[in-house]
Amino acid sequence: MTIIDTPHRLSLRNIERAASFIDPVFLHSPQYECEPLSQALGAALTLKVETLNPLRSFKGRGADFFLKDNAAALAGRPLVCATAGNWGQAMAYVCRARGWPLVVYTATTANAFKVERMRAMGAEVRLHSDDFDSAKEEARRFCASSGALLVEDGLETQISEGAGTIARELLARNAFDALLVPLGNGALLNGMGLWAKAHAPATRVIGVCAEGADAMAASWKARRLIERPATQTIADGIAVRRPVPQALDDMQGLVDDVLLVSDAAIRRAMQLVFQTAGLMVEPAGIVGVAAVMEHPALRSQKLATVLCGSNLTPQQIVQWLH
């Protein structure tokens, strides 16, 4: 395949390179149309299932590519990340494989299962405030005082490029009218969007945010950074109130629309996917399905979405799936 790069912060060549760099355990995830789900939705929807790997989320692609691509520069340097849970797990997994220490900052309200898994993989987890973005600010302060490096999801280009391999796989086998992509810090949407616009320009790239965490959606529509004082959603993995400016800039020219979905639709989508496809998906990972439920105009199109995480506590499983 000939790759002609575009004048963008992210690189198509790097997405292609990432596809041969990333640990194969994260690559070539299943993609298929679940007939009972499509019938229930009244729409042709292909699922890209990013939950069947050691982390139960898509984040391993970006973390692995970032650390491999920067291995020489990062060796021996203390690493730090901030997370709602899945990004921290990905960093813990790839750092453990290299014997590198990692400090993770997350909110006191973070998913307990995700916190437990980060610690089990050897990360030092520091809980700070009840808000992800406040925890990230504390991580930034720690790095400024200690000389550690903050590896920020949505900022580092290789993280987005690693995530872009999902679109490379998805579009190699099928054509779609639209991709419905969960939108938190933007790494997944921007990586997939860059590849899609280059290789399937007729395909619309649509980000999906929770109504109670709409800072990225509002910022993209206004073409300026808009912060929210708080978030209020069960979709913790995309509960961003302070967008990453570079990720917001990356969206320009790659994203055709950003939709909002309610928590009620997210819960219904979780239940429907569990009942029809037998898949357990966390709130942030299911918003593409929720968008089909709440935005009927989508249903006449050939669609695809990424089920990008399945890390739920036992209590959440009982509360949301039954």
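Everything numeric here is computed off the predicted structure, so don't read it as measured data. (Residues numbered from 1 in each chain as written. Predicted model: local features only at pLDDT ≥ 70, side-chain atom pairs only at ≥ 80, totals over all residues. Heavy atoms only, no water.)

What am I meant to see in the side chain of K59 here?
For K59, the location among the structural elements is in helix α3 (residues 59–69). We classify K59 as buried; its relative accessible area is 15%. If we ignore the near neighbours within four places in the chain, the residues touching K59 are N86, W87, A90 and D153. (Helix = DSSP H or I, 4+ residues; strand = E, 2+ residues; numbered from the N terminus. Buried < 20%, exposed > 50% of the residue type's maximum accessible area, 1.4 Å probe, protein only. Contact = heavy atoms within 4.5 Å.)

Is there a simple way to think about helix α13 (residues 287–294) in this case?
Each full turn of the α-helix corresponds to 3.6 residues, which orients residues three or four apart in the same direction. The buried fraction of α13 is high, at six of eight residues. Turning to α13, its buried residues number three or more, namely V287, G288, V289, A290, A291 and V292.

Before we go on, may I ask you to explain unusual backbone geometry in this structure?
Trans is the common state for peptide bonds, and a negative phi is the common state for residues other than glycine. Of note in the backbone geometry, H28 takes a positive phi value of approximately 55° without being a glycine. Residue placement: H28 occurs in the loop between α1 (12–21) and β1 (31–33). One non-glycine residue with positive phi stands out, namely R223, at about 55°. With respect to the helices, strands and loops of the structure, R223 is situated in the loop between α10 (215–222) and α11 (245–251). R223 gets classed as exposed once you look at its relative accessible area, which sits at 66%.

What is the right way to look at the state of the cysteines in this model?
Joining two cysteines, a disulfide is a covalent bond between their sulfur atoms. Across all of its chains, the model carries zero disulfides by this definition. With no disulfide of its own, C143 has C81 as its nearest cysteine by sulfur position, at a separation of 9.7 Å. Assessed through its relative accessible area of 9%, C143 is described here as buried. Unpaired in terms of disulfides, C209 finds its nearest cysteine sulfur in C308, a separation of 12 Å. Using a relative accessible area of 0% as the deciding quantity, one classes C209 as buried. (Disulfide = S-S within 2.5 Å.)

Got a minute to help me understand the environment of C81 in this structure?
Residue placement: C81 occurs in strand β3 (residues 79–82). A relative accessible area of 0% places C81 in the buried class. Ignoring any residue separated from it by four or fewer positions in sequence, one finds C81 in contact with W87, G88, M91, L102, V103, V104, Y105, L150 and V151.

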